[in-house]
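For reference, the chains in residue letters:
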Amino acid sequence: MIELDDEAGRRLAEYIARVRSALRGCRSVDPAEVERDIREHIENDLADAPRPVGVASLDPVLGKLGSPAQWVPEEDRAWWWRMLSGLRQGPEDLRLAYLSFGLFVLALLLFTVFPAFHVLMLASFFLARATLAFSAEQGEMRAQRWLIYPPLIVVYVFLGLLVLLAPLPLAPVWFIILGALLRRVPGFFATVFAPFLGRERARRVGKWLIWIGVILVGLAIIGGAIVLIVSAVLGLGFGRI
Amino acid sequence: MAQTFLDNWVTQVRKGLLELSILNAIRPGRRYGYDIVKSLRAMEGLVISEGTIYPILSRFRREGLVEATIEPSPDGPARRYYALTPAGVGLLRRMNAYWEQVKRGLDSTVEKENMP
């Protein structure tokens, strides 16, 4: 064990604490092993320094070792460490993404409490959209996609079902109208359902909806005709039923 | 913007090269951590913070590429020696071959670019 003066001892203890903190939650390395290597490195580097070793000798060694926070790549750390780190010091889009996911989890936990679930889910959704907008500005998505996709998917599925099924009695005609709208203004739908529905996909969905609508209208006409023919053949009149 | 890009690029390149250099430093025979650091210090621009090397060694050991043994030293504290495992030797051979291939390709591209 190297002989340090009081101040150098404190400095080394602080540094080792930073090493432990930096390596905590790191899956690919053994923190105890690294700490041992670091201690060994410091002792070797100070082998010729006068005893007791002071901060004047110790600081350059620690300086060359560098900040422990930079030793391990982010992807090697546990998810909870990355989440806390992202919230604490990450760029804006990372914070937004983590906040969005946090609110989403909270909304699920308060599922039965009205209107907490709805408010939290909407807030989570808007934060996810803000993350998308921010990432688009930056030209890259730094946040993990799974952090923002859950609230987006929940709200989009709800919106999609609402748009598709609200006018259920007029479904075939509505499908044709909606399909035409999707093909006519794909940009609008792409914006509302970003990032899952691009302009091209909106056009394709529109085409399918038109086809489904046309087939349903065709089936309704054929079905109606068959009912009329059968009732005429059997001598049944709708007015008499 | 260009500076940020360059910084990110240098970090990525350095990371891969540092791993390759550490394995190559151990290839001739077992070495202790501080000795590896000393040998890599000479490589300009490769080792910015020396502490980075130890987590890499620990990861190599966990992945079975190197093995570590602790032995007493006559000059000071007990030393932790690292040596390549057969898996490490095989991987290093392939990494070096790949690096040679990339280097040749890159050199020829750069030469073409510099032609008048």
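Structure shown above.
Small disclaimer: the values here were computed from a predicted structure and weren't measured. (Residues numbered from 1 in each chain as written. Chains lettered and ligands numbered in written order. Predicted model: local features only at pLDDT ≥ 70, side-chain atom pairs only at ≥ 80, totals over all residues. Heavy atoms only, no water.)

I'm lost on the nonpolar core in this one. Help?
Generally speaking, nonpolar side chains in soluble globular proteins are found buried as a group. If you look at the biggest cluster of nonpolar residues, it comprises 46 residues, and the most contacted ones within it are A:Ile38, A:Ile42, B:Ile22, B:Ile36 and B:Ile53. Where this core is concerned, the elements lending two or more residues are α1 (6-23), α2 (31-45) and α3 (55-65) of chain A together with α1 (2-26), α2 (33-41), α3 (53-62) and β3 (76-84) of chain B. Apart from the residues lying within four places of it in its own chain, the contact partners of A:Ile42 are A:Leu12, A:Leu58, A:Val61, A:Leu62 and A:Leu65. The next biggest cluster of nonpolar side chains, apart from the first, holds 25 residues, and it includes A:Leu94, A:Tyr98, A:Ala107 and A:Ala128. (Core = buried A, V, L, I, M, F, W, Y, C linked by side-chain atoms within 4.5 Å. Buried < 20%, exposed > 50% of the residue type's maximum accessible area, 1.4 Å probe, protein only. Helix = DSSP H or I, 4+ residues; strand = E, 2+ residues; numbered from the N terminus. Contact = heavy atoms within 4.5 Å.)

Any chance you could explain the pattern of salt bridges here in plain terms?
A side chain with one charge can pair with a side chain of the opposite charge if their charged atoms come near. Residues and elements named next belong to chain A. Overall, the coordinates contain 16 salt bridges over all chains when judged by the stated rule. The partner of Arg39 in a salt bridge is Glu35, with the nearest N and O atoms 3.4 Å apart. Residue Arg39 and its partner Glu35 are both found in helix α2; the two are separated by four residues, about one turn of the helix. A relative accessible area of 28% means that Arg39 is categorised as partly exposed. Glu35 gets classed as buried once you look at its relative accessible area, which sits at 13%. (Salt bridge = Lys/Arg side-chain N within 4 Å of Asp/Glu carboxyl O.)

Mind showing me how you'd approach the sheet that holds strand β2 (residues 66-73) of chain B here?
Strand pairing in a sheet is mediated by backbone hydrogen bonds. Such pairs are either parallel or antiparallel. Here we have three strands laid out as an open sheet, ordered β1-β3-β2 (chain B), and antiparallel in their pairing. Only two strands of the sheet have a single neighbouring strand rather than two, namely β1 (31-32) and β2 of chain B. In this structure, β1(B) lies alongside β3(B), joined through two bridges in antiparallel fashion. Bridged to B:Tyr32 within β3(B) is B:Tyr81. The sheet contacts of α2(A) involve β1, β2 and β3 of chain B, and relative to β3(B) the element is tilted by about 125°. (Pairing = 2+ DSSP bridges. Axes fitted to C-alpha atoms, helices over the stretch in contact; angles between N-to-C directions.)

I keep staring at a nonpolar patch on the surface and nothing clicks. Help me out?
Residues and elements named next belong to chain A. There is a patch of nonpolar side chains on the surface, built from Leu170, Val173, Ile177, Leu181, Val185 and Phe188 and spanning about 550 Å² of accessible area. At three residues, helix α8 (residues 171-184) tops the list of elements feeding residues into the nonpolar patch. Within the secondary structure, Val185 sits in the loop between α8 and α9 (186-192). Looking at Val185, the relative accessible area reads 38%, which means it is partly exposed. (Patch = residues over 30% accessible without salt bridge, like charges linked within 9 Å, V, L, I, M, F, W, Y side chains within 5 Å. Areas by Shrake-Rupley, 256 points an atom, 1.4 Å probe, with all protein chains shown as cover.)

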